[in-house]
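Descriptive structure summary
This is what each chain is made of:
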Amino acid sequence: MRYYRDCLMERSGLFLMLVLFASSGWGQTLTGTIQGTVTDTDGAVVTGVAITIVNTGTNQSRTVTTNASGNYSAPGLPVGSYELEASVAGFNTERRTGITLQIDQSARFDITLQVGAINQVIEVVADTPLLQTDESSIGSVIDSQKIIELPINGRKFDALIQLVPGAVTNAQGSELDNRGGFNVVGMDENFNSFFLDGFDNVDPVLRNFSFQPSVDLIQEFKVEQSSYAAEFGRNAGAVINATTRSGSNAFHGSFWEFLRNDNVDARNFFSSADAESSLIRNQFGAAVGGPIVEDRTFFFAFYEGLREKRGDVRRATVPTLLMREGNFSEVANPIIDPATGDPFPGAIIPADRMNAITRDVILAYPLPNVPGVIRGNRIETANHIEDADDVSIRVDHRLFEGTDLMGRYSFSNARVLDPFWTDTPGETNLSGFSQVNDRIRTNSGLSLTTAIGGNMVHELRFGYNRFKQPQTPLRAMPANQSGIAGVNETFLDFRPAEVDRIGSNRRFLRVADTFNLVNQFSWFKGNHQLKFGADIRRYYFGGLSAGTNQFRFNGFSAFGQPQTLNGLADMFLGTGSISISFGGDLTGNSHKTEFAWYVQDDWKLTPNLTLNYGLRWEWYGRIIEEGNEQSNWEPGCNCFVIAGEDGTSEQLVKDDWNNFAPRFGFAYRPLGSETTVIRAGGGIFYDNQQRHNFFQMTNSPYGDIRIGIGTIDDPFGVAFPNVLPFGIPVDYRDTYAEHWNFGIQQEILPETVLDVAYVGNHVLKAQRLRNVNSAGDFAGFGPILMLEQAGSSIFHSLQVRAERRFSNRLALISSYTWGHAIDDRPGEGFASQADPAHPFQDDTNARADRADADFDVRHRYTLSFVYQLPDTSP
């Protein structure tokens, strides 16, 4: 078997070549823009005005000049606090203070200069504008005040995404249900993108956070919901763009400890009277930032630890004391002797008829502890233990005037004992079959920002993201099960119909390495704010999924196999089992490359009207297995074709070269209003749904997944031929979504903005899984699973958001969403068709991707107040 090989060094030559030949970047914006128009008191534009913008935390500045239209723009500014000064001969100098620039914000500060001496300074305290005057997209910023001050259970910042209109928790039982997923404006939970300081932060298989930063590490984040600019792509859903805290000229530090325990908690209602369910959660850490060299080099260091022991309670059904001895007199139905067709006398199975393997398995069940019942007769309490450590270090350095370098390294190591498999899909109610489910994460990168002249900014970023998840069952395999074991040599999986399953989960290892290079230009020319760039992204996937052999007993005859009418009795006899075996080479090493380019223009057509338009083109390279050990079932020949053989390409499916994604929108202030903005936008957004090739790697001849019916001693007496072939269309087409929105922002009172918008989307060519052999058209096979790009969904919503700044420390944010979704893919998921036979179905997108469309109409309302205590530090 070929286990995952960490071969980054031998791959570095190829990656270096890709870097040298590509000017690349996903274009994710972690900075902001300050712009505006300068006029005199008569309304005439003033040209040649020097606009100096100073970061008050680091004392670093940038100077731009107004053009022939009186406009100025300073893109690529780090988020933070600023002062702005406008000066030109013949006019008083005007200084704006108190400016706070948010992530990906285009903050407009129009200036009216008064005739006078340049050395006379007029100072104005400016408020960061609440109106979105130059952007047509729908998005919301969660700033540092809300991140720090709002209470969050578990201190996971993504919980604050629920403050955004259109965001909802994911549906129960969804792929990310127990991993912190969410849906935004009706899109699939796997359609979201995540960036940290502009560096990729996505687990490319599950498409959730890879590294999840603490609330004390994040400065702020923005949720781009709909119709965002062409600089964003790869995914069709929301973009969550976070930036970490940085140092400044002043030293600041903090430390914390949050302790929860169960000393004053009531006993869990569902636990037994003598059960000791515990809760000890200790979350602690420290952060410090400051200057290394004043005005030039700054650092920020962070550590957080978690020590948690949580008593989980589960209720199970186990064999009663009589059943453990083969006595089924408590069961109403007779127990049939398969050898004679007559009931066993007294419903008792003789000891000499019991199978030695399955009898030991039944005796391995824990004893019932809830008297008087047969169903739910055992309550289990076990500790879920997680010990985690997160470390981050960030350094910001000014190389020379106008050129800044930033580097950050973040590492997280979570060691998890998972008794009931609650951290992965699937579950057990018997804690004696626990697993270790660790998570090891790295996110790091370097960024270089250079101001070129007074009207261009160049941003270059290189990021590395790694996610590693080893999953190890802890229950050893008894010696007498070795003859029926497959690739996973742990306690095998037995499932009698009347009681809970008993056995171990699969042995699993998944490692994903992502390299991304970002290269982007912002160019202010006349009335145009241009952005253009290209991008490259390289993925390496490695893994092992050793499925545990399964034996199911339902008590009823199938394919001529005599049975007892009771699954547990069948298990005692070792007869009538439905057996699922995993063999072959269930490991792999794969890679893929993605590339895109884009151009975006924000054209200030008139002083009151801004057009936002752009074009993005994306190429999602198909996945290649390094040894070509993957295959595809094709309906044309009713056969498996092997990658790289007989004219078959190494990637098995064709590229989609048609992923052109135009965007268009506008922001309009009617009659020059300073209190009203009308916005609308739309566009095409592609999504890369070929996230892994685990199904192709376990196809014949590399994977050996068999289903049979027989006895424990001969599990495949009746075997299905070539069980569960998997196919993907050779002419594979990428999923895409159409976004649209129309809304009005109105300042209804000073410092109070009401935002009302209609937001919709239409997803096309979405994935669905279908058994194409249900009518038996393809001889020689049982079920054949074909992954088709034929699904669709549509979503409409009314979103209302109100924000109020009562003072410089008190804020209110409230949102309401009415949503309506339709999905034409009911019943097409993996859970109903591939479970339980596929070894990857729990951990690698086993269910067909679905928009959050399990509802017809949904209402959601949030209300939050935030008050920030005064900073008394010197």
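Residues numbered from 1 in each chain as written. Predicted model: local features only at pLDDT ≥ 70, side-chain atom pairs only at ≥ 80, totals over all residues. Heavy atoms only, no water.

Sheet strands pair by backbone hydrogen bonding; their relative direction is either parallel or antiparallel. Judged by pairing direction, the sheet is mixed, and its 5 strands sit side by side in the order β10-β15-β16-β13-β14 without closing on themselves. What marks the edges here is a single partner per strand, and that holds for β10 (138–142) and β14 (199–200). As defined by bridge partners, strand β13 (residues 193–196) adjoins β14 across 2 bridges and the pair is classed as antiparallel. Within β14, the position partnered with F195 by the bridge is D200. (Pairing = 2+ DSSP bridges. Helix = DSSP H or I, 4+ residues; strand = E, 2+ residues; numbered from the N terminus.)

Further remarks concern the nonpolar core. Within the largest apolar cluster, 46 residues are counted, with the highest numbers of intra-cluster contacts made by L160, F221 and I240. Looking at this core, the elements with two or more residues in it are β10, β12 (182–184), β13, β15 (218–226), β16 (239–244), β19 (297–316) and β41 (752–771). In terms of residue count, β41 provides more of this core than any other element does, 4 residues in total. If near-sequence neighbours (up to four positions away) are discounted, F221 is found in contact with I103, S140, V141, I142, I147, F157, L160, I161, I240, N241 and A242. Core analysis: the second largest hydrophobic core is formed by 29 residues, M354, I357, L430 and I484 among them. (Core = buried A, V, L, I, M, F, W, Y, C linked by side-chain atoms within 4.5 Å. Buried < 20%, exposed > 50% of the residue type's maximum accessible area, 1.4 Å probe, protein only. Contact = heavy atoms within 4.5 Å.)

Summed over the entire model, instances satisfying the criterion amount to 25 aromatic pairs. Geometrically, the ring pair formed by F284 and Y303 is tilted, given 6.2 Å between the ring centres and 50 degrees between the ring planes. Of this pair, F284 sits in strand β18 (residues 279–293) while Y303 sits in strand β19; the two residues are 19 residues apart in sequence, bridging distant segments of the chain. Y303 gets classed as partly exposed once you look at its relative accessible area, which sits at 27%. With 5.6 Å between their ring centres and 15 degrees between their planes, F521 and F532 make a pair best called stacked. Of this pair, F521 sits in strand β26 (residues 507–525) while F532 sits in strand β27 (residues 528–546), and the two are 11 residues apart along the sequence. Relative accessible area serves as the criterion here: at 24%, F521 is assigned to the partly exposed category. Note that R706 overlies the ring of F716, its terminal NZ or CZ placed 4.2 Å from the centroid. (Phe/Tyr/Trp six-rings, centres within 6.5 Å; stacked < 30°, edge-to-face > 60°. Lys NZ or Arg CZ within 6 Å of the ring centre and 35° of its normal.)

Relative to the helices and strands, N201 resides in the loop between β14 and β15. N201 has contacts with F194, F195, L196, N208, F209, S210, F211, N443 and N465, leaving out every residue within four places of it along the chain.

Right, let's talk about the confidence of the model for the chain for a bit. Mean pLDDT over the chain stands at 85; residues scoring 70 or higher make up 88%. A low-confidence stretch, residues 1–29 (pLDDT under 50), is modelled with 96 contacts involving residues beyond four sequence positions or located in other chains. Scored below 50 in pLDDT, residues 826–856 makes 126 contacts in the model with residues more than four places away or belonging to other chains. (pLDDT = per-residue confidence, 0-100.)

Where strand β5 (residues 80–87) and strand β6 (residues 93–101) come together, 6 bridges link them in antiparallel fashion. The residue of β6 that forms the bridge with S81 is T100. The hairpin turn running from β5 into β6, its antiparallel successor, is 5 residues long, and G90 in that turn takes a positive phi close to 95 degrees. Note that β6 and strand β9 (residues 121–125) share 5 bridges and pair parallel.

Turning next to the sheet that holds β5. The strand order across the open sheet formed by 5 strands is β3-β2-β5-β6-β9, and the pairing between neighbours is mixed. Looking along the sheet, the strands with just one partner apiece sit at the ends: β3 (61–65) and β9. The average undirected angle you get between the axes of adjacent strands in this sheet is 20 degrees. Sheet topology places strand β2 (residues 50–55) next to β3; 5 bridges connect them, and they run antiparallel. Note that in β3 the partner of A50 across the bridge is T65. (Axes fitted to C-alpha atoms, helices over the stretch in contact; angles between N-to-C directions.)

Attention now moves to helix α3 (residues 356–363). All of the buried residues in α3 are I357, T358, V361 and I362. All buried residues of α3 project into a common sector of 130 degrees when viewed along the axis, lining one side. The inward-facing, buried residues of α3 abut β25 (493–496), β28 (550–553) and α4 (567–573). The opening residue of α3 is N355, an N-cap whose side-chain oxygen sits 2.9 Å from the backbone nitrogen of I357. (Arc of directions from axis to C-beta. Polar contact = N/O pair within 3.5 Å; in protein donor to acceptor, adjacent residues only side chain to side chain.)

According to the stated counting rule, one finds 4 cavities of 30 Å³ or more in the structure shown. By volume, the largest cavity amounts to about 550 Å³. In terms of lining residues, the largest cavity is bounded by 44 residues, among which S106, D134, E135, D602 and N612 are the most central. Looking at the lining of the largest cavity, the elements that each hand over two or more residues are β1 (31–40), β4 (71–78), β7 (106–108), β26, β27, β30 (587–606), β31 (609–620) and β35 (660–668). Take the lining of the largest cavity: its biggest share by element is 5 residues, from β1. Of the residues belonging to the lining of the largest cavity, the class tally is 9 nonpolar, 24 polar and 11 charged. (1 Å grid on protein atoms, 1.4 Å probe; cavity = no way out; pocket = protein on both sides within 12 Å on 5 of 7 lines; lining within 4 Å. Points joined across faces, edges and corners; volume = space filled by probe spheres on them. Nonpolar A, V, L, I, M, F, W, Y, C, P; charged D, E, K, R; others polar.)

Turning to the environment of S545, a few remarks are in order. Mapped onto the elements of the fold, S545 is located in strand β27. Once the C-alpha coordinates of S545 and R507 are considered, the two residues, 38 residues apart in sequence, prove to be 5.9 Å apart.

What follows covers the state of the cysteines. By definition, a disulfide links the sulfur atoms of two cysteines through a covalent bond. Applying the stated criterion to the full structure yields 1 disulfide. The side chain of C637 participates in a disulfide bridge whose partner is C639; the two sulfur atoms lie 1.9 Å from each other. Here C637 and C639 share a disulfide; its torsion about the S-S bond, -85 degrees, makes the bridge left-handed. Taking relative accessible area as the criterion, C639 reaches 25% and is therefore assigned partly exposed. (Disulfide = S-S within 2.5 Å.)

Right, let's get into unusual backbone geometry. Omega for the peptide link from S700 to P701 comes to 10 degrees, which places this bond in the cis form. Along the chain, the position of P701 falls in the loop between α5 (694–697) and β37 (703–710). Positive phi outside glycine occurs at R207, with the angle close to 60 degrees. Following the sequence through the fold, R207 ends up in the loop between β14 and β15. With phi around 55 degrees, L671 is a residue other than glycine that occupies positive phi space.

Below, the discussion takes up the layout of surface pockets. It is the rolling of a water-molecule-sized probe over the atoms that shows where space remains empty. In this structure, the second largest pocket occupies an estimated 1,400 Å³ of space. In terms of lining residues, the second largest pocket is bounded by 48 residues, among which K156, R179, Q212, E386 and R439 are the most central. Sorting the residues of the lining of the second largest pocket by element identifies β18, β19, β20 (378–400), β21 (403–418), β23 (439–452) and β24 (456–473) as the ones contributing at least two each. Residue classes in the lining of the second largest pocket are distributed as 12 nonpolar, 18 polar and 18 charged.

Sheet analysis places β27 next to β30, joined by 17 bridges and oriented antiparallel. Along β30, the bridge assignment pairs G533 with Y598. In the sheet, β30 pairs with strand β32 (residues 624–625) via 2 bridges, with the strands oriented antiparallel. Its bridge partner lying in β32, S590 is registered against E625. In this structure, β30 lies alongside β31, joined through 12 bridges in antiparallel fashion. Opposite V599, over in β31, you have L615 as the bridge partner. Between β30 and β31, which pair antiparallel one after the other, the connecting turn spans 2 residues.

Attention now moves to the environment of G402. Assignment of secondary structure puts G402 in the loop between β20 and β21. Dropping the residues within four chain positions of it, G402 is found in contact with T449, T450 and A451.

Okay, a nonpolar patch on the surface next. On the surface, I292, V293, I393, V395 and Y409 cluster together into a nonpolar patch covering about 400 Å² of accessible area. At the level of elements, β18 and β20 are the ones that each hand at least two residues to the nonpolar patch. Within the secondary structure, V293 sits in strand β18. (Patch = residues over 30% accessible without salt bridge, like charges linked within 9 Å, V, L, I, M, F, W, Y side chains within 5 Å. Areas by Shrake-Rupley, 256 points an atom, 1.4 Å probe, with all protein chains shown as cover. Salt bridge = Lys/Arg side-chain N within 4 Å of Asp/Glu carboxyl O.)

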